[in-house]
Amino acid sequence: GAGVSQSPSNKVTEKGKDVELRCDPISGHTALYWYRQSLGQGLEFLIYFQGNSAPDKSGLPSDRFSAERTGGSVSTLTIQRTQQEDSAVYLCASSSNGLVYEQYFGPGTRLTVT
Amino acid sequence: GIQVEQSPPDLILQEGANSTLRCNFSDSVNNLQWFHQNPWGQLINLFYIPSGTKQNGRLSATTVATERYSLLYISSSQTTDSGVYFCAVPVGYALNFGKGTSLLVTP
C-alpha cells in the first residue's frame, strides 16, 4: 500500500483480556518499529524488527508485551492480561533500512483498557 | 541516552504569523526528523534533516549538528498548522522523541 496501515484504529478491552494489534508496513521496507504514546509520557520505543534478524525488544515494558513479524512484512503486537496503564496509542513505523533512514508512521491504534 | 529538549512547550499564533521552534539534543547525531502530529493523531514526516537546511513550502528546517540544535520555521501560519511538532533523534535503531511543541493557530 501507499503508507503504513494499522488495525484496529480503536480497541476497547476489559482489564485482564489479551489484545492483538496489527501493522502493515510500506511495501519493500525492511525495518519495522512499534512505539507507544501515552498521555504525559510522550512517545516511547517498544520493539524493532529488521529483516530476518532477531528483534530488538529492549523497549518492551513488561513480559506481558510481545510482538512478531511474519514473512518480513506484517507485524502483530500482543498485550496479555491488559492493565489500565496499557491504555495508549500504539504506533507502528517502517523504514527502508534500520539505522539512519527516515521512519514513516501509521495512524495508530488507540487502546483503552477499562 | 541522548536527551532531546524542545521549546517552547506551547505556542499560540494568529493566522499569518511566523514562528520558530527549537530542538536541542545532548550528543552528536547522524539523523534528525521533524514530525507534525495533527489533531487526529497522525504523525506526518516534515523533514529528515541530519544537517543543513531544507525547505518545503511555508516550512523550513535547519540543523546545526556541531552545535546540537535544530530549528523549524513556520511562515505565514495557517489554522491547519495546529497540532504538536516533534523532533526525534536516533538512539540505536529507535527514534527518541522530544516532548513536542503544541501549536495552536487561531483565525
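Source: prediction; values computed, not measured. (Residues numbered from 1 in each chain as written. Chains lettered and ligands numbered in written order. Predicted model: local features only at pLDDT ≥ 70, side-chain atom pairs only at ≥ 80, totals over all residues. Heavy atoms only, no water.)

Help me get a handle on the environment of Pro39(B), residues and values and all.
Inspection of the secondary structure assignment puts Pro39(B) in the loop between β4 (33–37) and β5 (43–48). Separated by 41 residues in sequence, Pro39(B) and Thr80(B) place their C-alpha atoms 9.4 Å apart. (Helix = DSSP H or I, 4+ residues; strand = E, 2+ residues; numbered from the N terminus.)

Residues and numbers for the interface of chain B and chain A, please.
With 15 residues of chain B at the contact, the number on the chain A side is 18 residues. For the pair chain B and chain A, the two sides together bury roughly 1,600 Å², of which 55% comes from carbon and sulfur. Summed over the shared surface of chain B and chain A, the number is zero salt bridges. At the junction of chain B with chain A, the criterion picks out eight residue pairs in polar contact (both at pLDDT 80 or more). Secondary structure elements with two or more residues in the side of chain B that touches chain A: β4, β5 and β10 (94–97) of chain B. Residue classes in the side of chain B that touches chain A are distributed as eight nonpolar, seven polar and no charged. (Contact = heavy atoms within 4.5 Å. Buried area = accessible area lost by both parts, 1.4 Å probe. Salt bridge = Lys/Arg side-chain N within 4 Å of Asp/Glu carboxyl O. Polar contact = N/O pair within 3.5 Å; in protein donor to acceptor, adjacent residues only side chain to side chain. Nonpolar A, V, L, I, M, F, W, Y, C, P; charged D, E, K, R; others polar.)

Just give me the short version of the sheet that holds strand β7 (residues 75–79) of chain A, but keep the residues and values in it.
Residues and elements named next belong to chain A. What the four strands build is an open sheet, ordered β1-β3-β7-β6; its pairing is antiparallel. Since the sheet does not close on itself, it has two edges, and those belong to β1 (5–7) and β6 (65–69), each with one partner. Across the sheet, the axes of successive neighbouring strands diverge by a mean angle of 15°, strand direction being ignored. Note: β6 against β7, five bridges, orientation antiparallel. Pairing of Phe65 across the sheet is with Ile79, part of β7. (Pairing = 2+ DSSP bridges. Axes fitted to C-alpha atoms, helices over the stretch in contact; angles between N-to-C directions.)

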